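# Structure at a glance
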Amino acid sequence: KGKIIVTGNTGLDNLITLKNKSYYSNIVLITIHRRENISILSEWFNVINEIAKSHKDVDFIFPIHANPEILKFKKILKNVKVVNHLSHEKLISYLVKSKLVITDSGGIQEEAAYLNKKVIVCRKTTERPEGIKSRHLFLCNKPNNLKKMTSRLIKDYKVKNGCPYGDGKSSKRIVHYLKKNKFI
């Protein structure tokens, strides 16, 4: 009745068993697929390939989207391990061990933040500004800025702040509230 109860993201509740298993290895996970980036996809891919070439000690893993408009640029990524689209479970297994994430995806921004990963968001804006304030998310509004940003964050990859999107206990809060107020 006009009251807002902040509970967190229930999607993160699925990751609660992985929270303490998350660690940093020499993996950078990449996902780029949004329509707003399709017209400049070759630019993003060229810069990503350059970055991977200059960081040979890091595995750049890119589960590529099956969209033909994205696949046609796959050949640019010569220094990146390109894999076919992954199940959510397999994608999360890479996320758990990633040092850094480069993405234009929305959901992965919150999942990465929950697992204490820094994320370079390849967009002009994000619907998740809390992650910018908490220093989990870093906006990269054009491909030319990605190389410098990645080089900095690959060295400064540890997250020092708590996740702004929840703590993995959102469902419990919702049920508690509903029971307390006799909705169930």
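Everything in this summary refers to the structure shown in the same document.

Rules and cut-offs
Residues numbered from 1 in each chain as written. Predicted model: local features only at pLDDT ≥ 70, side-chain atom pairs only at ≥ 80, totals over all residues. Heavy atoms only, no water. Core = buried A, V, L, I, M, F, W, Y, C linked by side-chain atoms within 4.5 Å. Buried < 20%, exposed > 50% of the residue type's maximum accessible area, 1.4 Å probe, protein only. Helix = DSSP H or I, 4+ residues; strand = E, 2+ residues; numbered from the N terminus. Contact = heavy atoms within 4.5 Å. Pairing = 2+ DSSP bridges. Axes fitted to C-alpha atoms, helices over the stretch in contact; angles between N-to-C directions. Phe/Tyr/Trp six-rings, centres within 6.5 Å; stacked < 30°, edge-to-face > 60°. Lys NZ or Arg CZ within 6 Å of the ring centre and 35° of its normal. Disulfide = S-S within 2.5 Å.

Counting residues in hydrophobic clusters, the biggest one holds 30 residues, and the most contacted among them are I30, F45, F60, I120 and L146. Looking at this core, the elements that each hand over two or more residues are strand 1 (27-31), helix 2 (41-54), strand 2 (59-63), strand 4 (100-103) and helix 7 (146-155). Top contributing element to this core by residue count: helix 2, with 7 residues. Apart from residues lying up to four places away in sequence, L146 is in contact with W44, V47, I48, I51, I102, I120, C122 and C140. Of all hydrophobic cores here, the second largest spans 23 residues; its members include L29, L91, V96 and Y165.

Pairing within the open sheet is parallel, and its 6 strands lie in the order 3-2-1-4-5-6. For this open sheet the edge positions go to strand 3 (81-83) and strand 6 (137-139), each flanked by a neighbour on one side alone. In this sheet, adjacent strand axes meet at a mean angle of 20 degrees when their direction is disregarded. When strand 4 meets strand 5 (residues 118-121), the two strands line up parallel, connected through 4 bridges. Looking at strand 5, one finds that V101 is bridged to V119. Helix 4 (residues 88-96) contacts strand 1, strand 2, strand 3 and strand 4 of the sheet and is inclined by roughly 140 degrees relative to strand 1.

Of all 5 residues in strand 2, 4 are buried; the element is thus mostly enclosed. When strand 2 meets strand 3, the two strands line up parallel, connected through 3 bridges. Looking across to strand 3, one finds that P63 is bridged to V83.

This part is about the packing of aromatic side chains. Applying the stated rule across the entire model yields 3 aromatic pairs. For the cation-ring pair, K19 lies above Y114, with the distance from its terminal atom to the ring centre recorded as 4.6 Å.

A positive phi angle is found at N116, which is not glycine, with a value near 65 degrees. Of note in this structure, R135 is not a glycine but carries a positive phi near 70 degrees. Here R135 is to be found in the loop between helix 6 (130-133) and strand 6. Look at R135 and you get partly exposed, because its relative accessible area is 45%.

Attention now moves to the state of the cysteines. Overall, the coordinates contain 0 disulfides when judged by the stated rule. We note that C122 lacks a disulfide partner, and the nearest cysteine sulfur, in C140, lies 5.3 Å from it. Overall, the relative accessible area of 0% leaves C122 in the buried class. The buried category is assigned to C140, whose relative accessible area is 0%.

Turning our eyes to something else, we now look at the environment of L71. Positionally, L71 belongs in helix 3 (residues 68-71). Residue classification places L71 among the partly exposed positions, given a relative accessible area of 35%. Sequence separation between L71 and E36 is 35 residues; the distance between their C-alpha atoms is 16 Å. L71 has contacts with I64, H65 and A66, leaving out every residue within four places of it along the chain.

In this section: helix 5 (residues 107-114). By the criterion of burial, helix 5 is predominantly enclosed, with 7 of the 8 residues buried. Among the residues of helix 5, those classed as buried are I108, Q109, E110, E111, A112, A113 and Y114. Buried residues belonging to helix 5 abut strand 1, helix 4, strand 4, strand 5 and strand 6. Positive backbone phi, at 65 degrees, marks N116, one or two positions downstream of helix 5.

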